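Structural features, examined
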Amino acid sequence: MTQISYGLFSELLLVRIHGRAEAYLEASSAERLALVAACRSEATVPDLAQRILSRTIYAQASSRIGPLRELLQNALDASPVGARIEVRSTEDGREISVTDQGRGMTRTELLTDLLVPFRSGKAGELDAIGEHGIGFFSALEIAPWIEVVTATASGGHRLLVAPLGAGPRHEDFSWTLLPLPRPSSTPSPPSAPAGDHAARPGRVPAPPRRPATGTSVRLSLAQPISRPALAAEIAAAAGLVDPAVARIYVDGALVNTARARLRRAAEVPLRLPPSGDVCGALELFVGRGDGVEPQLTITQKGLTVATRVDPFPGPELGLHRELARTITAAGFGLVAELPLGVPLNKGRSAVAASASAAVEAALIAAFERFILRDALYDRELLRAVDHRLSSVLDRLVHAALLGESIMIASAQAADELDPLARTPTVAAPEQVIRFAGGLLDAPLFRSIVVDAGQRPPGAPPAPLGQLHWRGAALTLRELLQAHRAGVLRPLEGAPLLPSTQARSTARWPLGASSAAPETAAGAPGARPGELVYLALDEPLALAFWRRLATEGAAAQHAQPAAAAAPPRPPGAAPCPMPRTSRDLLLKTAAAVPGVRAAAAAMTIIERLDAAISESADLPTSPIWAHQDLYGPDEMAHTDGSGISVNLASARVRALLTAVLLRDDAVAFTALTDLLLHEKTHVSLASYVPRPMAEHGTSFYRRKDWMRRRLLAAIASGAVVDPIRWLAVARRGLVSSALPAPEELSRAFQGAAAAA
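Right, let's walk through the structure included here.

Quick look at the pattern of salt bridges now. Counting across every chain of the model gives 19 salt bridges. Here R20 and E42 are joined by a salt bridge, their closest N and O atoms 2.7 Å apart. A residue pair is termed long-range when its members are at least 10 positions apart, and R20 in the loop between helix 1 (9-17) and helix 2 (21-26) and E42 in helix 3 (residues 29-42) qualify at 22 residues. Judged by its relative accessible area of 43%, E42 is partly exposed. Ionic pairing is found between D704 and R707, a salt bridge with its closest N-O pair at 2.9 Å. Linking D704 with R707, this pair stays in helix 22 (residues 697-716), spanning three residues, or about one helical turn. A network of salt bridges, in which partner residues are shared, links D673, K703, D704 and R707.

The next thing to look at is the packing of helix 5 (residues 65-78) against helix 9 (residues 227-238). Remark: helix 5 packs on helix 9, axes separated minimally by 9 Å, with the N-to-C direction vectors making an angle of 65 degrees. The element helix 5 and its partner helix 9 pack so that their crossing is right-handed. Note on element contacts: helix 9 touches helix 5 through L230, E233, I234, A236, A237 and A238, opposite I65, L68, R69 and L72. In terms of residue class, the contact of helix 5 with helix 9 is made up of eight nonpolar, no polar and two charged.

Turning our attention to the sheet that holds strand 16 (residues 468-475). Taken together, the four strands give an open sheet; going across it, the order is 16-15-18-17, and neighbouring strands pair in mixed fashion. Only two strands of the sheet have a single neighbouring strand rather than two, namely strand 16 and strand 17 (488-490). Sheet twist, expressed as the average angle between the axes of neighbouring strands with direction ignored, equals 35 degrees. Two elements, strand 15 (residues 443-451) and strand 18 (residues 530-534), share five bridges in a ladder whose sense is antiparallel.

Attention now goes to the packing of aromatic side chains. Using the criterion set out here, one finds four aromatic pairs in the structure. Judged by centre distance (6.0 Å) and plane angle (35 degrees), the rings of F9 and F173 are tilted. Of this pair, F9 sits in helix 1 while F173 sits in strand 6 (residues 172-180), placing them 164 residues apart in sequence. A connected cluster of aromatic rings, assembled from ring pairs, spans F9, F137 and F173. If you follow R259 out to its NZ or CZ, it ends over the ring of F285, 4.5 Å from the centre. Cation over ring: R579 sits above W624, and NZ or CZ is 3.8 Å from the ring centre.

Before going further, it helps to spend a moment on the nonpolar core. Soluble globular proteins tend to pack their nonpolar side chains together in the buried interior. F9, I146, L219 and I234 are the most contacted members of the largest nonpolar core, which has 56 residues in total. Beyond its immediate stretch of four places on either side in the chain, L219 contacts L71, R94, E95, I96, A139, A143, W145 and I146. In this structure, A589, A597, M635 and M706 belong to the second largest nonpolar core, which totals 47 residues.

Looking now at unusual backbone geometry. A cis amide bond, omega 0 degrees, links P273 with the succeeding residue P274. As for its placement among the helices and strands, P274 is situated in the loop between strand 10 (262-272) and strand 11 (277-287). Within the chain, D617 stands out as a residue other than glycine whose phi angle is a positive 55 degrees. Position of D617 among the secondary structure elements: in the loop between helix 18 (595-615) and strand 20 (623-627). Looking at D617, the relative accessible area reads 65%, which means it is exposed. One non-glycine residue, D628, adopts positive backbone phi at about 55 degrees. Structurally, D628 is set in the loop between strand 20 and strand 21 (636-638).

Conventions adopted
- Within every chain, residues take consecutive numbers counted from 1 along the sequence as written.
- Side-chain atom pairs in this predicted model are given and counted only at pLDDT of 80 or more, local residue features only at pLDDT of at least 70, and totals for whole chains, interfaces and linings cover all residues.
- Water and hydrogen atoms play no part in the side-chain values, which are based on all heavy atoms of the structure.
- We count a salt bridge whenever a side-chain nitrogen from Lys or Arg sits within 4 Å of a carboxyl oxygen from Asp or Glu.
- Secondary structure is summarised from DSSP: a helix means a run of H or I of at least four residues, a strand means a run of E of at least two, and numbering begins at the N terminus for each.
- When a residue's accessible area, from a 1.4 Å probe over protein chains only, is under 20% of the maximum for its type it is buried; when over 50% it is exposed; and in between it is partly exposed.
- Axes here refer to lines fitted to C-alpha atoms; in helices the fit is confined to the stretch in contact. Angles between the N-to-C directions go from 0 to 180 degrees.
- Throughout, a crossing is termed right-handed when the near helix is turned clockwise from the far one, and left-handed when it is turned anticlockwise from it by less than a right angle.
- When checking whether two residues touch, look at their non-hydrogen atoms; a contact exists if any pair is within 4.5 Å.
- We call Asp, Glu, Lys and Arg charged. Ala, Val, Leu, Ile, Met, Phe, Trp, Tyr, Cys and Pro are nonpolar, and the rest, Gly among them, are polar.
- If DSSP finds at least two bridges between two strands, the strands pair.
- Pairing of aromatic rings covers Phe, Tyr and Trp, the last counted by its six-membered ring, and requires centre-to-centre distances within 6.5 Å; plane angles under 30 degrees mean stacked, over 60 mean edge-to-face, and any other angle means tilted.
- Only when the NZ atom of a Lys or the CZ atom of an Arg is both within 6 Å of the ring centre and within 35 degrees of the ring normal do we say a charge sits over the ring.
- Residues enter a nonpolar core if they are buried and are Ala, Val, Leu, Ile, Met, Phe, Trp, Tyr or Cys, with the set joined through side-chain atoms within 4.5 Å.

Treat this as a map of the structure, not an account of what it does.
Here's what the structure looks like:
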């Protein structure tokens, strides 16, 4: 084969398009010129090769991270497991190099695979990521001068790439291929910058020292980069690579350390269309700390593919989105690792369209498994998310207490992911909870079931020695069943049990005997004489007990003259009431039972708004109340200045009732979060485009910033803790029951008719 030392990228591509690549490589210099001329004369579009190259080089990456990720991907594919990959930069930031300890490339691989787009030498390699054969070309957009030094066990080569024509965009690129001498014991002189051969034609820089095996790619950047910025961009591209696969160093510092802070939370088989064959498993990891961003990061072999601040868009995934926001707001990050069989787009910035639906379905299933089988048992995570995850459970408890049907089960396998097979539920006001049934049937609550035996009415309790008990991890549905039967107690009131009677904790349905629990599976309710004691040392159990206590207190405190309004059945007709101030509410509907409680609740909301406004240096907002003006599912609304709460919303009524009855920290914090949400809309309304103000990235960053400002102001004493105003707002109330939405609506309709 004739040794080729010089050529153009477009020529290699052109002869390949015309099927003459082999003849081109074997031809002499004069014969190559004739072959190229013949191909151009046959081409319908003479400059087709240049156009393809230009689009291949300049239409892949949206930032510098993309080309760097492609070079790291090539290094990972070529390196053995556990190898070291070095990224180094010069002090002026003009040059960076990526060096691996892989197998290197032969002369033929350089000419037929590396320098020809859409041809990859990794085809058929199971552990390789690259598949399109264009990743190397993306580096030319940020570094038009490139030097590649590569060595195999049989020989080494040096490839020099330089641009032609003024640019960017450059007209074409030239390449020069030189053999490298075998390693010697004496060090070789240092090599010149990669751009010297282009600046001074005819003068070739001194060859660098040949490595044993491996490849080093040196880039002469069009725009310099600082060392901290380079480390940050390499970490963004490859910070989640498992160090057991490869250790990646940037200027001597290890950057892929974040994987040690992650743990595997779920795994779901992934089937790709159209065959439906399993290509591997999507793995979901969770963790927090340095290098783990509070967002969903999609990776493949540890390399970042895409990031999502909001992992689950769309109204049908309302509960998933709320739970994900709860977890990421507490600083936890979610990482979805794709199997190597999942195809990506040519820029490696997203999953290929043919596989996107299957990946989304597997991601939803993995997140559901994480919540049901992991997150709700993780003490550290539960304590970190505090009230936010508890408020999700609180909504489910409230719905179940109202008797709303919750029949949706979680997807437990990859073939159960058909959204059309699921019926919407009204367990949450959004009517979009997809796995509420799974939440209700998950054994989350540590309990003790005490069975003293059935005794005649009025008989004394059984002696302590005759008590039979068992530890059980009960579900929310089972606890609600015990509550309705009147046999649920807090663990503080449980009888003292000898330690010798301790048994292993297991999940048994209520009514099952300890000897043969399977015989009573599914038995409704507790047996006569059986009591259930709930341990209150977990956040979810505490939220559940507070909800039960709130419901019970509301029934006890309701006076005949101001009885609590019955819950609105699902699908009930709206009860509209115009947006009104507290004074107008008292003036128009003074005779409606519960109006003073509603006015007190508006006072609490005003104090919350004042605290948030003062901590964020914002003007206070007018506080109004309305009913069903913007849909029955909306809790609050803002017009850009004032904030109005929906007194007909079941969630709003539950929060206000809990706050008015007692200083319920969970309900008050959830109410604060609602006000922060609306106040963020107010603060962004004047200068942020509506699509961004409506729950975009800017919105949630702003909301988190306002939350931090409020907490810091309260901690420093600059703002009075608004929870102190609860006692003042309740002063003079004879009942905390809120007015019935139907009566408020009739009162305002009558006032409008009279006017």
